[in-house]
Every structure is written in C-alpha cells, then in structure tokens.
Amino acid sequence: MKKALTQKDIISLENFLSSDKTPASCMNLYSLHGFLTCLMVGPETMLPSQWLPVIWGETESDQIIWDPMEDAEKFIGFIMTYSNMIASAIHNNPTSYKPLIIEQNATHCKKMHMKDWCEGFITGINLSYDDWLPILDSEEDGTLLAPFYLFTTEEGNKSMAEDEEFKSYTPEKWEKVFSLIVQKIHNFWLPHRDLMHKATHKAVSQKVGRNEPCPCGSGKKYKYCCLN
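This structure is a prediction, so every number in the text was calculated from the model and none was measured.

Caption draft 1: Summary view of the packing of aromatic side chains. Counting across every chain of the model gives 19 aromatic pairs. When the ring of Phe16 is compared with that of Trp56, the centres are 6.4 Å apart and the planes differ by 85 degrees; the resulting orientation is edge-to-face. On the criterion of sequence distance, the pair formed by Phe16 in helix H1 (residues 7-17) and Trp56 in helix H3 (residues 48-56) is long-range, its members being 40 residues apart. Since its relative accessible area comes to 6%, Trp56 is described here as buried.

Caption draft 2: Just the side chain of Asp9, in detail. By secondary structure assignment, the location of Asp9 is in helix H1. Residue classification places Asp9 among the buried positions, given a relative accessible area of 9%. Not counting the four nearest positions on each side in its chain, Asp9 is found in contact with Lys2, Ala4 and Phe78.

Caption draft 3: Highlighting the pattern of salt bridges. Within the structure shown, the criterion is met by three salt bridges. The shortest N-O distance in the salt bridge between Lys21 and Asp71 comes to 3.0 Å. One end of the pair, Lys21, is in the loop between H1 and helix H2 (29-41); the other, Asp71, is in helix H4 (residues 70-92), and 50 residues separate them in sequence. For Lys21, a relative accessible area of 28% puts it in the partly exposed group.

Cut-offs used in this document
- All residue numbers refer to positions counted from 1 along the written sequence of the respective chain.
- Local features are withheld for residues below a pLDDT of 70 in this predicted model, meaning they are given only at 70 or higher, and side-chain atom pairs are given and counted only at 80 or more; totals for whole chains, interfaces and linings count all residues.
- To get the side-chain values, take all heavy atoms of the structure and skip hydrogens and water.
- Pairing of aromatic rings covers Phe, Tyr and Trp, the last counted by its six-membered ring, and requires centre-to-centre distances within 6.5 Å; plane angles under 30 degrees mean stacked, over 60 mean edge-to-face, and any other angle means tilted.
- Counting from the N terminus, the helices are DSSP H or I runs at least four residues long and the strands are E runs at least two residues long.
- Accessibility here uses a 1.4 Å probe with only protein chains present; expressed as a share of the type maximum, an area under 20% marks a residue as buried, one over 50% as exposed, and anything in between as partly exposed.
- Two residues form a contact once any of their heavy atoms are found within 4.5 Å.
- When a carboxyl oxygen of Asp or Glu is within 4 Å of a side-chain nitrogen of Lys or Arg, the pair counts as a salt bridge.

In structure tokens form, the structure reads like this:
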C-alpha cells in the first residue's frame, strides 16, 4: 500500500469510480471523501470489510467489473491509502484537514460538490446509526450534524435559498465551516474511541502473542504493528 496518493493517482481513482466498470450508484470521489471522513471521526473503528462494499453500491443486477483483476488490488489499495491520508490529517494535524468540496476545472471556475460530500458523510452515519445517537441526542453538540442536511434534503435546500446569510457563503466559506464541524465531531468522539482502543488492545494482547501475525491483517508481527 502506498503511503500517499499522487494527484495522478487521485485522478485515476476518480475516473474509475465514475466509469462504466462501477455500478450506477457507486460513490464518486467527493462522496467517497465525505464517507471516509465520517468513518475516521465516528464513534467506532470499522473494518474495511464492513464499509468497502458500501462504496461500490452493487446490486444483484449491477455488479462492479474488475477487468483486469489487477484493478481490484490497485483501486482498493488507493481507497485504503486515501483513508489513511484523511485519518492522518484529522488525527495528527486537524487544522490541515479540508473537506473535498471544491472542484477546480480547466477554466479555473470553481464548482462546489457539497451535496455529494454531505451524502457520503451521512451514508457513513447510517452505517452505524445507533452508535451515533449520543451526539445526536446531545444538547451541546447535537446541532453539529444539522448542516449536513442543508445540502441533502428539500427542506435544507429551501432554507439555503431563503436565508440571506447562506446566500452570501462562498465555497471557501463552506469549506471552513465543515472543516470546523469535522474537528468538533472528532473531538466529541475522541474520549470514547480512546477507551474502545485501549479495551480492544487489552483483549487482543491476551490472545495474540507479540511475535504472532497482527490480527489487523497487515502481515507484520503484532509487536511491530497494532501493539504500538
């Protein structure tokens, strides 16, 4: 797996997600970024086997085409690396994180993809909705998720069309707003995730020897991987 994706890699991933090889309901690059962001700041750490199928949006009649099979290893690897890049920004340098909502095209005309990005984030919430109830029910932080529905519901679209303040927001302003929201959501769940992480490490360490393969599937010994 790569440590980071180049711009060429990201364009390649974007083209694949929107190609004829993927189902019609496959996420695009913007909804993927929102989805992965949600997974990185949410209450629980989920295994890739739980969330990768959600990205493709496969149905019985509309399956993903891996042609050649090397595509599977390549693009799943890209997604895993992309996930790690987002996680690194959020956990190590939160102020550097930016939601992928602005498209800079060849004519330098900025196109906003807030709806796609917010839909991806909400898909992540719905993947483990019950786990998100503490923040949804919180008096202090319960409103943090409200802006996501401005771009994804008829009522939200109506509010933005009628509200003079919302009308004045530039793409850069929305970028800052959602960057701050993501940081606050991350901070809300951080104590919970730390407790879960410690409990998981304790449980695993009692079953897995230091020199045995790490249960995360990295191929490394446990002492060189998740034990640290």
